[in-house]
Amino acid sequence: MHKLRIIGGTPLSGEIHISGAKNAMLPLMTVSLLTDQVLELTNVPDLADVYSMGDLLAEHGVEQSFDTTHKTIRFHAGSIKSTTAPYDLVRKMRASILVLGPLLARCGQARVSLPGGCAIGARPVNLHLDGLKALGAEIEIDQGYINARAPKGLQGGDYRFPIVSVTGTENLMMAASLAHGTTRLFNAACEPEITDLANCLITMGAKINGAGTSQVTIEGVDRLKGTAHKVLPDRIETGTYAIAALITGGDLKLLGADTSLLPTVIPMLEQSGAIIKEINNGFHVQAPAKRHRRLKMMTQPYPGFATDLQAQLMAMLSLADGESQIVEAIFENRFMHVPELARMGADILVDGSTAHIKGVEQLNGAEVMATDLRASVSLVLAGLAAKGETFVQRIYHLDRGYQNLEQKLSACGANIERIAA
């Protein structure tokens, strides 16, 4: 076990290269189950979740070859050796549910453990199951496993999501690619990662229209071929490092970033006083000369403000001038970082789904504990800005979503190191 030791107070300055998106990479990896040909992914992030998904795919018989120098992985599922996704592998992350649709579409059956992951609230799998039932699947839950069958293959059908679901949209889009007939998904999620997934599937021969909008139409095909695909840049990592520059009073060049993936976040940061300019292959973010201005924000499905950046923004607003307000409208348990920020001197009152943040002059270093992936990085950001020494425990959460976090921050002046817990 390790923890991070941070001595705060140094403005960050320099360049950070943005990695490939975790939330795009994981569904793209499961695409390999849909074809017996080679899928090559480039701009691959080096993350614990990628290795966890790789272990799960290996269980199904997917051969994998890594080229770390060129950030490339090749996947080959010439044959599926097992259609069972066991609990010991699936429990590590909720994204494991993404093997369900591809296995069912290709093999006509799948047995997938109910998934685990960050404890940030209900992310019901019933949306995936109801959608697959609309495509003709027979599904039952038995002893913690989803048992799904489609002995005659999946059939095209219509499904309307009762609430927007990113992984639900991805799962059904992949499954429908090999279904018989046409599928229409209504109230689909619009995230860039879904568009990225659709683009990959289209180069493999899938017929998909409307990805990135609330209505996606998929005309099933008999088989998909192999392809090579570059993973898009991680918009959550981008937003996190932009906030890191602001909370420390510094400035950073974020290379490989794409501002178009942050249509709500960039204006929100500018509203707080940030100076943001596009440059070649990225953008430059600079903190205001004075304290950040207060903000009012509500998390929403894309293109709204991402729930995955809510904790980071809250850390920054804990030092803003005046009282800010954040409404968490996606997950009901995503304020678990608040007590930890309070240990560092933040003045935050939670009332249901709303957090009222009164900006303080200074945060102070403390022992804090991460509760989930994004909460953990919010504590790192607070530590970078705080006076004195901060220790962040349970940083295995960080390794799931941030590649070389300490190295990237250290190169920009941060005093941060990983030590034994």
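Residues numbered from 1 in each chain as written. Predicted model: local features only at pLDDT ≥ 70, side-chain atom pairs only at ≥ 80, totals over all residues. Heavy atoms only, no water.

So, the overall build of the protein chain
Under the convention used in this document: Segments assigned H or I by DSSP are reported as helices when at least four residues long, segments assigned E as strands when at least two residues long, and all are numbered from the N terminus. Buried means the residue's accessible area, taken with a 1.4 Å probe over protein chains only, is under 20% of the maximum for its type, while exposed means over 50%, and partly exposed covers the values in between. Whether two residues touch is decided by their heavy atoms; if any such pair falls within 4.5 Å, the residues are in contact. In this tally, Asp and Glu contribute negative charge and Lys and Arg positive charge; neither His nor the terminal groups of the chain are included. In plain terms, the charge of a residue is placed at NZ if it is Lys, CZ if Arg, CG if Asp and CD if Glu.
Regarding its fold elements, the protein chain presents 14 helices and 24 strands. Structurally, the protein chain occupies a C-alpha span of about 65 × 45 × 40 Å along its principal axes. Within the protein chain, the proportion of its 421 residues that are buried is 57%. Long-range pairs, those at least 24 residues apart, make up 75% of the contacts in the protein chain between residues at least 6 apart in sequence. Averaging the positions of the 38 positive and the 42 negative side-chain charges in the protein chain gives two centres separated by 1 Å.

Quick look at the sheet that holds strand 8 (residues 138-142)
Let me state the cut-off plainly: A strand pair is defined by DSSP finding two or more bridges across the two strands. Here the axes come from fitting lines to C-alpha atoms, over the contacting stretch only for helices, and the angles between their N-to-C directions go from 0 to 180 degrees.
Spatially, four strands are ordered 6-7-9-8 in an open sheet, and the strand pairing comes out mixed. The sheet terminates laterally at strand 6 (84-85) and strand 8, the two strands that pair on one side only. Pairing geometry for strand 6 and strand 7 (residues 109-113), over two bridges, is parallel. Bridged to T84 within strand 7 is R111. Packing of helix 4 (residues 100-107) onto the sheet brings it into contact with strand 7 and strand 9 (145-149), and relative to strand 7 it is tilted by some 160 degrees.

What to know about the sheet that holds strand 19 (residues 323-327)
The strand order 18-19-21-20 describes an open sheet built from four strands, whose pairing is mixed. This sheet does not close on itself; its edge strands, each paired only once, are strand 18 (296-298) and strand 20 (347-351). Taking the axes of each pair of neighbouring strands and ignoring which way they run, one obtains an average angle of 15 degrees across the sheet. In terms of strand pairing, strand 18 meets strand 19 through three bridges, oriented parallel. From the neighbouring strand, M298 faces strand 19, where its bridge partner is V327. Against the sheet, helix 10 (residues 310-317) makes contact with strand 18, strand 19, strand 20 and strand 21 (354-358), and its axis sits at roughly 170 degrees relative to strand 19, the strand it touches most.

Considerations on the packing of helix 10 against helix 12 (residues 373-385)
So the rule is basically this: Working definition: roughly parallel below 35 degrees, roughly antiparallel above 145 degrees, roughly perpendicular at 65 to 115 degrees, and oblique for all remaining angles. The crossing is said to be left-handed when, going from far helix to near helix, the turn is anticlockwise and less than a right angle, and right-handed when the turn is clockwise. Basically, the charged four are Asp, Glu, Lys and Arg, the nonpolar ten are Ala, Val, Leu, Ile, Met, Phe, Trp, Tyr, Cys and Pro, and anything else, Gly included, counts as polar.
As a packed pair, helix 10 and helix 12 sit with axes 8 Å apart at the nearest point and diverge in direction by 25 degrees. Relative to helix 12, the element helix 10 lies roughly parallel. Both helix 10 and helix 12 take part in a crossing whose hand is right-handed. Contacts between helix 10 and helix 12 involve A311, Q312 and A315 from the former and R374, A375, V377, S378 and L381 from the latter. By residue class, the composition of the contact of helix 10 with helix 12 is five nonpolar, two polar and one charged.

Here's the deal with unusual backbone geometry
Cis geometry is adopted by the peptide bond preceding P303, which originates at Y302 and carries an omega value of 15 degrees. Within the element layout of this structure, P303 appears in the loop between strand 18 and helix 10. Even without being a glycine, N187 presents a positive backbone phi close to 55 degrees. The topology assignment puts N187 in the loop between strand 11 (182-186) and helix 7 (192-203). Phi angles above zero are rare outside glycine, and R394 is one such case at about 60 degrees.

A few points about helix 6 (residues 166-177)
Going by this rule: To estimate how far a helix should extend, the number of its residues minus one is multiplied by 1.5 Å. Within 3.5 Å is the distance limit for a polar contact, defined as a pair of N or O atoms, with the added protein rule that one can donate a hydrogen and the other accept it, and that residues adjacent in sequence qualify only through two side-chain atoms.
For helix 6, spanning twelve residues, the distance from its first C-alpha to its last is 17 Å, which sits close to the expected 16 Å at 1.5 Å a residue. For helix 6, the complete set of buried residues consists of G168, T169, E170, N171, L172, M173, M174, A175, A176 and S177. The opening residue of helix 6 is S165, an N-cap whose side-chain oxygen sits 2.9 Å from the backbone nitrogen of G168.

Focus: the pattern of salt bridges
Counted only if it meets this: Salt bridge, as applied in this entry: a Lys or Arg side-chain nitrogen positioned within 4 Å of an Asp or Glu carboxyl oxygen.
One pass over the full model with this rule turns up 16 salt bridges. A cluster of three or more residues bridged by salt bridges with shared partners is formed by R5, E389 and E417.

A few points about the packing of helix 8 (residues 235-247) against helix 12
Interhelical geometry of helix 8 versus helix 12 gives an angle of 20 degrees and a closest axis separation of 9 Å. With respect to their mutual orientation, helix 8 and helix 12 come out roughly parallel. By crossing handedness, the relation of helix 8 to helix 12 is classed as right-handed. The segment helix 8 lies against helix 12, with I236, T240, I243, A244 and I247 engaging R374, V377, L381, A382 and A385. In terms of residue class, the contact of helix 8 with helix 12 is built from eight nonpolar, one polar and one charged.

Observations concerning helix 12
The terminal C-alpha atoms of helix 12, which comprises 13 residues, lie 19 Å apart, in line with the 18 Å expected from a rise of 1.5 Å per residue. Counting buried positions along helix 12 gives twelve out of 13 residues, so the element sits mostly inside the fold. Looking at helix 12, one finds that the buried residues are L373, R374, A375, S376, V377, S378, L379, V380, L381, A382, G383 and L384. Where helix 12 begins, the capping side chain belongs to D372, and its oxygen is found 3.2 Å from the backbone nitrogen of R374.

Comments concerning the environment of V265
Note on placement: V265 falls in helix 9 (residues 265-271). Distance in space between the C-alpha atoms of V265 and I419 is 33 Å, their sequence separation being 154 residues. Once residues within four sequence positions are removed from consideration, V265 is found in contact with F305 and L309.

Some words on the packing of aromatic side chains
Heads up, the condition is: Stacked, edge-to-face and tilted labels apply to pairs of Phe, Tyr and Trp rings (six-membered ring for Trp) whose centres lie within 6.5 Å, assigned for plane angles under 30 degrees, over 60, and everything in between, in that order. For a Lys NZ or an Arg CZ to count as sitting over a ring, it must be within 6 Å of the ring centre and within 35 degrees of the ring normal.
Across all of its chains, the model carries two aromatic pairs by this definition. Centre to centre, the rings of Y51 and F66 are 6.1 Å apart; their planes meet at 20 degrees, and the pair counts as stacked. Within this pair, whereas Y51 is found in helix 2 (residues 48-59), its partner F66 is found in strand 4 (residues 63-67), the two being separated by 15 residues in sequence. A relative accessible area of 38% means that Y51 is categorised as partly exposed. Taken together, a centroid distance of 5.0 Å and an interplanar angle of 80 degrees make the contact between Y159 and F161 edge-to-face. As far as the burial class goes, Y159 and F161 line up, both buried. Here the guanidinium or amino end of K3 rests over the ring plane of F391, the centre of that ring lying 4.6 Å away.

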